[in-house]
Amino acid sequence: MATQTTEQVPTAAARPPAKLYKPKADWANRALVLWGILVFIFLFAPIVVIVVFSFNTGRLLVDWNGFGFDGYQSFLDNPAPREAVKVSVIVGVFSAIVATVLGSLAGVALARRPGKWSAGFLFFVALVLVTPEIVDAVALLPWYVTLGNWGLSAFDNGWVRLIVSHSLFSTAVVALIVRARMSGIDETLEEAAGDLYAPPVRRFTQITLPLMMPAVLAGALLSFTLSLDNTIISSFVQVQGVTPWPVYVFSSVKASLRPEIAAVSTLMFMLTLVAIGLVALVLRRGGDSSSDIARTMTGGGG
Amino acid sequence: MTMTEAPEETPAPAAERGPKRSWVPRSLLAIPAWVWFVIFFAAPVAWILYYSFGQQVDFFTQIPDVSHPNFHRYTEAFNPSYFPTFKRTLKISLIGTALCLIIALPFSYWLAVKVPQRWRGLMLGIVLVPFWTNFLVRTIGWQLILSPDGFMSSTLQHLGVIHEPLGLLCTQRGVQIGVVYNYLPLMILPLFVAFDRMDPALRESSKDLGASRWRTFTQVTLPIAMPGVIAGMLLVFIPLMGDYITAILLGCAKGSMAGQLVASQFDSTLDWSLGSAMAVMLILFILVTVFVFALIGLALRAAVRSHRKVTLVDVTSDGGK
């Protein structure tokens, strides 16, 4: 881990100045490269395993039998996982819409009119981000039951529960992303539009919205992937009949793992890859550096 | 990216106040999100706080009776059948956070400093792929790798590395591998950002002034990257404390964690008061640990500063921007 060099005592006279900024292929650098490769292998090992095992023709996932598309076939034949994927995608889309609208508005307000209120708001956002998922999950379940008992029957609906629950964390993330982008953009453009008698709505749609678009799109796609990933909250608040995909997988893990789980996982993995690719593309076109993209992807952390 | 032709005399401060033409004050735009958080975050959390002072009515009633508020559920959560789980969770999380830091520190440094600029974006994108792959899927992948009947086990036996089936699944070590894996990207990314934002001139001048590479790393690079290290530790530690899915999948029944304890009160035993008290305890555990480590960190920093002749305070505030 420690890349310590002891023989590198510099003797100023012996070192030609031109060599200073060239990367040197000494053992410390080689150790770093090796470490980098090992970490990449570690990061991708289980994913590669899942993709490979999705072509397993055996009855149980863990016993490799032979190569084939049986897993994919049984996914197509079996309505339960198909239904679960459908639920996940629909919930993902709607929770992304809710989170993007709420988060973008809040992000604009944070960037443009920071004041005493914004410290309180950011504190709230931070609380939402650091609360462990299980706490949100066990808090939301009795809350929905209570709201239902108070006559708000919408909260007995599985779709509403999932969409609202998934949108919470994402709203916080989108607010931070949009805030980061808008505080980097001068307000003079919007003011100029105002000086030229653009009505506020037009000023928003023609100036502000295009400026914040990369952040909004990135936020929307991130919200979508976060929703697809959500397991703990979903398994608590879900209502019979509206089961999202991760909850379906989780319940089948407890029974026995079949290759079709790996097949669906592989398909969902492809979907996630496309989503990430789109985010990166949007951000790159928006002119973010790779470091900015990393910040965005972690929800403004760092 | 956005080029604004700012007049030379006034660079226009971003948050300038003054009479605005807009008929809606734009701070009001945050109100919908604010309301959303209050209704679906603050209220539910307050609700379980309230429940945690109540008691279970009977085995079939979920809604607790809070007519005589008391702390009994908290003392119950501290009893020997539950408390060891909290301690184990804390241990797994602390070790997990430390391992993530040890693995990610050289890796992020390499990615942000040594990898050529034009490859960096792509490599970072590749690191993000597992991060955005479904949590369950990745963990199931590990289940396949660690399984005693799996390909890894048979390959290793074949090669003679081990002489009996791989015994990692359903052990605490298996859980530890899984959590390190699952939270590693959350450590890599903030560290990468911290190293990437640092001005290379700082490291170069340190070397020009005769510092060895190790000394440059510990006394220049690392202090500047400290905000990233802290962010990474928080990003790993906090969700790790609440995670129990990894423990269920890789630790089977044995390696249960606090999150599972909370969950089972809500979905199997239906003792919502006890579950609420445990959830509150989990949050307190996290806050106290973070607080203690923050104090240790501050003390360490003070100790290091008093020993060092030259401080990098000014450099840090410049380079951190």
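None of the values given here were measured: they were computed from a predicted structure. (Residues numbered from 1 in each chain as written. Chains lettered and ligands numbered in written order. Predicted model: local features only at pLDDT ≥ 70, side-chain atom pairs only at ≥ 80, totals over all residues.)

*Asks:* Would you mind going over the overall build of chain A with me for this structure?
*Replies:* For chain A, the helix and strand inventory stands at twelve helices and zero strands. Relative to all contacts within chain A whose residues are 6 or more apart in sequence, the contacts with residues 24 or more apart total 78%. (Helix = DSSP H or I, 4+ residues; strand = E, 2+ residues; numbered from the N terminus. Contact = placed C-beta atoms within 7 Å.)

*Asks:* Help me understand the overall build of chain B in this model?
*Replies:* Scanning chain B from terminus to terminus reveals 13 helices and zero strands. Starting at the N terminus, the α and β elements of chain B follow one another as α-α-α-α-α-α-α-α-α-α-α-α-α. The buried share among the 321 residues of chain B stands at 42%. Put simply, 70% of the contacts in chain B that link residues at least 6 apart link residues at least 24 apart. (Buried ≥ 20, exposed ≤ 12 C-beta atoms within 10 Å, placed from the backbone.)

*Asks:* Please clarify how the packing of helix α5 (residues 133–149) of chain A against helix α11 (residues 258–267) of chain B should be interpreted in this entry.
*Replies:* Think of two packed helices as two axes; the pair is described by the angle between the axes and how far apart they sit. Direction vectors running N to C along α5 of chain A and α11 of chain B enclose 10 degrees, while the axes themselves pass 10 Å from each other. What the angle tells us is that α5 of chain A and α11 of chain B run roughly parallel. Between α5 of chain A and α11 of chain B lies a crossing of left-handed hand. Contacts between α5 of chain A and α11 of chain B involve I134, V138 and L141 of chain A from the former and G259, V262, A263 and F266 of chain B from the latter. Considering only residue class, the contact of α5 of chain A with α11 of chain B consists of six nonpolar, one polar and no charged. (Axes fitted to C-alpha atoms, helices over the stretch in contact; angles between N-to-C directions. Parallel < 35°, antiparallel > 145°, perpendicular 65-115°, else oblique. Left-handed = near helix turned anticlockwise from the far one by under 90°. Nonpolar A, V, L, I, M, F, W, Y, C, P; charged D, E, K, R; others polar.)

*Asks:* Can you walk me through the confidence of the model for chain B in this structure?
*Replies:* Detailed reading of predicted coordinates is not advised where the pLDDT is low. All names here are of chain B. Within chain B, residue pLDDT values average 81, and 87% of them lie at 70 or more. Highest mean pLDDT in chain B belongs to helix α3 (residues 83–114) (92); lowest belongs to helix α13 (residues 313–319) (46). For residues 314–321, every residue scores under 50 in pLDDT, and the model assigns this stretch nine contacts once sequence neighbours within four places are set aside. Across the assembled chains, the prediction reports ipTM 0.80 with pTM 0.80. (pLDDT = per-residue confidence, 0-100.)

*Asks:* What exactly am I supposed to notice about unusual backbone geometry here?
*Replies:* Only a minority of non-glycine residues have a phi that is not negative, and only a minority of peptide bonds are not trans. Residue and element names in this part refer to chain B. For C170, which is not a glycine, the phi torsion comes out positive at approximately 70 degrees. Position of C170 among the secondary structure elements: in the loop between α6 (151–159) and α7 (172–197). You will see that L270, though not glycine, has its phi angle at about 60 degrees, which is positive. Position of L270 relative to the elements: it lies in the loop between α11 and α12 (272–307).

*Asks:* Looking at this model, I keep getting lost on the interface of chain B and chain A. Mind explaining?
*Replies:* Accessible area lost upon the coming together of the parts is a frequently used measure of interface size. Facing the 91 residues of chain B at the interface are 96 residues of chain A. At 13 residues, the largest contribution of residues to the side of chain B that touches chain A is made by helix α1 (residues 31–51) of chain B. Here the side of chain B that touches chain A is composed, by residue class, of 65 nonpolar, 17 polar and nine charged.

*Asks:* Just to check I follow, could you spell out the packing of helix α6 (residues 158–183) of chain A against α1 of chain B for this structure?
*Replies:* One can describe the packing of α6 of chain A onto α1 of chain B by two numbers: an axis separation of 10 Å at closest approach and a directional angle of 140 degrees. When the interaxial angle is binned, α6 of chain A and α1 of chain B end up oblique. As α6 of chain A runs across α1 of chain B, the sense of the crossing is left-handed. Side by side, α6 of chain A and α1 of chain B meet where V164, L168, T171 and A175 of chain A of the first sit next to A33, W36, F40 and F41 of chain B of the second.

*Asks:* What's the story with helix α4 (residues 117–131) of chain B in this structure? I'm lost.
*Replies:* Residues spaced three or four apart along an α-helix point in a common direction, a consequence of the helix completing one turn every 3.6 residues. All names here are of chain B. End to end, α4 covers 22 Å across 15 residues, agreeing with the expected 21 Å (1.5 Å per residue, within 8%). Buried within α4 are the following residues: L124, V127, L128, P130 and F131. The arc that holds the buried residues of α4, viewed along the axis, is 150 degrees, so those residues lie on one side. Structural note: α4 exposes R118, W119 and L122 on the side pointing more than 90 degrees away from its buried face. (Expected span 1.5 Å × (residues − 1). Arc of directions from axis to C-beta.)

*Asks:* Before we go on, may I ask you to explain the nonpolar core in this structure?
*Replies:* A general tendency of soluble globular proteins is for nonpolar side chains to be buried together. If you look at the biggest cluster of nonpolar residues, it comprises 167 residues, and the most contacted ones within it are V138 of chain A together with L191 of chain B. Sorting elements by how many residues they give to this core places α7 of chain B first, with 16 residues. Not counting residues up to four positions away in its chain, the partners in contact with V138 of chain A are F236 of chain A together with I48, V262, F266, G275 and A279 of chain B. (Core = buried A, V, L, I, M, F, W, Y, C linked by C-beta atoms within 7 Å.)

*Asks:* Any chance you could explain the environment of S153 of chain A here in plain terms?
*Replies:* All names here are of chain A. Residue placement: S153 occurs in the loop between α5 and α6. Its 11 C-beta neighbours within 10 Å are what place S153 among the exposed residues. For the pair formed by S153 and F42, sequence separation is 111 residues and the distance between their alpha carbons is 47 Å.

*Asks:* What is the right way to read the confidence of the model for chain A from this model?
*Replies:* With 86% of its residues at a pLDDT of 70 or more, chain A has an overall mean of 81. When the criterion is pLDDT under 50, residues 1–21 of chain A qualifies, and its contacts beyond four places in sequence or with other chains add up to 16 contacts.

*Asks:* Help me understand the environment of V229 of chain B, please; the structure alone is not making it clear to me.
*Replies:* By the element assignment, V229 of chain B lies in helix α9 (residues 213–242). Residue V229 of chain B is classed as buried on the basis of its C-beta count, with 20 C-beta atoms lying within 10 Å.

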